[in-house]
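Chain by chain, the residues run as shown.
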Amino acid sequence: MTISELREKRNKAWEAAKAFVETKRDADGLMTAEDAATYAQMEQKVQDYSTEIDRMERQEAIDRQMNAPTSTPITGKPATAKVDTKPGRAADAYKTSFWNQMRNKTSVEVRNALSVGVDADGGYLVPDTFEKQLIAALNDQMVVRKLSHTFITACGVHKIPVVTSHGTANWVEEAGEIPETTETFGQQYIGAHKLTALIKISEELLNDAAFNLEEYFQKEFTKRITNAEEVAFLTGDGNGKPTGLLDADTGAEVGVTTASATEITADDVINLYYSLRAPYRSKAVWLLNDSTVNALRLLKDKNGQFIWQPSLKDGTPDMLLGRPVYTSTAFPSIGAGQKAIAFGDLSYYWIGDREGITFRRLNELYAAKGQVGFLATKRVDAKLILPEAVKVLQLGSAS
């Protein structure tokens with residue numbers, strides 16, 4: 001069954017569930033226990049469709065990644081020497097030597113070619129093309145990265161100038177003195193925090209010429225880094241890791257605090273929408289946990305209209321009050337004091353990737369088990385450079 005067919009079934013199931021609710025309410029707007037149980041099953045079916053759609057979309061993304069070409073066909077004439085004009089880590093010679101080193105096929109030529117990419121800790125910087133593939137895979141698979149502003153920095157601290165307060169216009173009398181008004185500027189800083197991932201491979205597999213080491217590294221490295229970065233980009237405290245979007249000090253501003261510690265009302269969501277200034281709402285998105293979606297599906301505004309709008313087209317997200325909805329398993333769930341929903345322009349969350357991902361081969365550490373370890377190191381930092389651009393809904397404290 002295709003994703004389009006599943007989406008159509010999900011939409012029909014959702015419409016059927018809504019119609020069932022409308023026909024089963026009594027004069028007080030309540031349903032019997034039996035009808036409520038039936039509706040719960042119908043709602044669960046809608047959620048099951050959504051889960052399967054998400055799984056199939058992830059599978060398609062991985063298939064595209066796995067089927068991407070990893071080499072360039074040879075088109076030159078026989079016996080014609082190929083001149084490598086690309087410098088440093090972009091050179092074909094560097095790429096070949098790097099993977100030979102990872103397989104422990106060392107020689108004088110290999111060591112000479114890798115001299116431009118030696119890391120201070122004894123590792124080697126990955127080839128330029130491989131690094132771009134890794135970053136592209138991270139951007140494709142991570143929710144926060146997909147919505148944020150990402151850039152690559154060579155070294156040091158990246159300074160970002162921001163306007164912390166704006167000047168104002170003033171009414172003056174004819175020929176009157178014009179008041180002086182200026183903008184106030186500040187700076188945000190993006191540094192680099194060290195993130196590592198350890199990959200172990202058996203010696204037999206490593207020595208198998210048919211084993212695609214490059215593809216395996218990309219898949220495993222992406223899996224480990226994705227999980228760690230997504231958590232840090234949302235809840236990181238800035239100590240040895242990026243500052244998360246939900247950080248209490250420099251993260252998104254609290255737009256709404258609910259009266260309940262366990263429930264979110266339609267008014268809460270609408271108030272959160274309007275707590276964000278209009279200039280940011282035009283590009284704003286909703287970000288929340290999958291489990292929170294269930295709490296929002298049946299909410300209606302004061303006109304009796306559902307504020308949740310399931311997607312009717314492939315490749316487009318569901319909508320809430322007319323703005324796209326994205327979910328992340330790393331986002332906090334509903335609970336007392338938790339920040340359960342974010343709404344805003346996430347392009348103001350900046351992610352700086354330090355250029356130069358390093359792989360280091362560990363020959364002796366796992367030798368007794370017939371394995372070779374590979375330590376991958378990546379440096380990254382991130383923070384919300386303009387807190388007013390994103391608002392969060394925070395649950396009230398438990399009484």
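Residues numbered from 1 in each chain as written. Predicted model: local features only at pLDDT ≥ 70, side-chain atom pairs only at ≥ 80, totals over all residues. Heavy atoms only, no water.

(A) Region of the structure containing the overall build of the chain. A count of helical and extended segments in the chain gives eleven helices and 15 strands. When the 399 residues of the chain are sorted by exposure, 42% land in the buried category. For the chain, long-range pairs separated by at least 24 residues make up 75% of all intrachain contacts whose partners lie at least 6 apart in sequence. (Helix = DSSP H or I, 4+ residues; strand = E, 2+ residues; numbered from the N terminus. Buried < 20%, exposed > 50% of the residue type's maximum accessible area, 1.4 Å probe, protein only. Contact = heavy atoms within 4.5 Å.)

(B) Representation of the packing of aromatic side chains in the model. All chains considered together, the criterion is met by seven aromatic pairs. With a centroid separation of 6.1 Å and 65° between ring planes, the pair formed by F233 and Y349 is classed as edge-to-face. Note that F233 is positioned in helix α8 (residues 213-235) and Y349 in strand β12 (residues 349-354), a separation of 116 residues in sequence. The residues F233 and Y349 share a single accessibility class, namely buried. (Phe/Tyr/Trp six-rings, centres within 6.5 Å; stacked < 30°, edge-to-face > 60°.)

(C) Spatial organisation of the environment of T316. Mapped onto the fold, T316 is located in the loop between β8 (308-309) and β9 (319-320). We classify T316 as partly exposed; its relative accessible area is 31%.

(D) Highlighting unusual backbone geometry. Positive phi values are uncommon outside glycine, yet L321 reaches one of about 55°. In this structure, L321 sits in the loop between β9 and β10 (323-327).

(E) Main features of the sheet that holds β8. Pairing in this open sheet of seven strands is mixed, and the strands run β6-β15-β11-β7-β10-β9-β8 from one edge to the other. Each of the sheet's edge strands pairs with one partner strand only, and the pair in question is β6 (253-257) and β8. Sitting on the sheet, helix α9 (residues 266-275) is in contact with β6, β7 (285-288), β9, β10, β11 (339-344) and β15 (390-394), with an inclination near 155° to β15. (Pairing = 2+ DSSP bridges. Axes fitted to C-alpha atoms, helices over the stretch in contact; angles between N-to-C directions.)

(F) Here's a closer look at the environment of A342. When you line up the elements, A342 lands in strand β11. When its relative accessible area of 0% is taken as the criterion, A342 is described as buried. With 96 residues separating them along the chain, A342 and L246 place their C-alpha atoms 8.4 Å apart. When near neighbours in sequence (up to four residues on either side) are disregarded, A342 contacts L245, V285, W286, L287, F331, V390, K391 and V392.

(G) Structural context of the nonpolar core. If you look at the biggest cluster of nonpolar residues, it comprises 64 residues, and the most contacted ones within it are F221, L245, W286, L287, L296 and I341. Apart from the residues within four sequence positions on either side, F221 is in contact with L134, A197, I199, I357, F359, A376 and K378. I3, L6, A13 and A17 belong to the second largest nonpolar core, which has twelve residues in total. (Core = buried A, V, L, I, M, F, W, Y, C linked by side-chain atoms within 4.5 Å.)

(H) Representation of the layout of surface pockets within the structure. The computed volume of the largest pocket comes to approximately 1,500 Å³. Counting only elements with at least two residues in the lining of the largest pocket, the list comes to α1 (3-24), α2 (33-67), α5 (128-141), α6 (143-147), α8, α11 (290-296) and β10. Broken down by element, the residue count for the lining of the largest pocket peaks at 13 residues, all from α2. The class makeup of the residues in the lining of the largest pocket is 13 nonpolar, 15 polar and 16 charged. (1 Å grid on protein atoms, 1.4 Å probe; cavity = no way out; pocket = protein on both sides within 12 Å on 5 of 7 lines; lining within 4 Å. Points joined across faces, edges and corners; volume = space filled by probe spheres on them. Nonpolar A, V, L, I, M, F, W, Y, C, P; charged D, E, K, R; others polar.)

(I) Fine view of the pattern of salt bridges. What the rule picks out here adds up to 15 salt bridges. Its salt-bridge partner being K18, residue E15 comes within 3.2 Å of it at the nearest N-O pair. In this pair, E15 and K18 are both assigned in helix α1, three residues apart and thus about one turn of the helix distant. For E22, the salt bridge goes to K300, with nearest N and O atoms at 2.4 Å. In this pair, E22 is assigned in helix α1 and K300 in the loop between α11 and β8, connecting sequence segments 278 residues apart. With relative accessibility at 42%, the residue E22 sits in the partly exposed group. Where salt bridges share partners, they join R145, E229, D353 and K378 into one cluster. (Salt bridge = Lys/Arg side-chain N within 4 Å of Asp/Glu carboxyl O.)

(J) Highlighting the packing of α1 against α2. Viewed as axis vectors pointing N to C, α1 and α2 meet at an angle of 160°, and their least axial separation amounts to 9 Å. By the angle between their directions, the pair α1 and α2 is classed as roughly antiparallel. As for how α1 packs across α2, the hand of that crossing is left-handed. From α1, I3, L6, R7, K9, R10, A13, W14, A16, A17, F20, V21 and K24 reach across to α2, where they touch D35, T38, Y39, M42, V46, Y49, S50, E52, I53, M56, E57 and E60. For the contact of α1 with α2, a count of residues per class yields 14 nonpolar, two polar and eight charged. (Parallel < 35°, antiparallel > 145°, perpendicular 65-115°, else oblique. Left-handed = near helix turned anticlockwise from the far one by under 90°.)

(K) Geometry of the pairing of strand β14 (residues 371-384). Counting buried positions along β14 gives eleven out of 14 residues, so the element sits mostly inside the fold. Pairing of strand β5 (residues 193-202) with β14 involves ten bridges; the strand directions are antiparallel. Counted as the bridge partner of L195 is K378 from β14. Sheet topology note: the β12/β14 ladder contains five bridges and is antiparallel. Pairing of I351 across the sheet is with A382, part of β14. Bridge analysis of strand β13 (residues 358-362) against β14 gives five bridges, and the strand direction is antiparallel. Across the sheet, residue T358 finds its bridge partner in β14, namely T377.

(L) Structural view of the environment of E263. By secondary structure assignment, the location of E263 is in the loop between β6 and α9. The spacing of E263 and A295 is 32 residues in sequence and 7.8 Å in space, taken between C-alpha atoms. The residues contacting E263, other than those within four sequence positions of it, are T258, D268 and L395.

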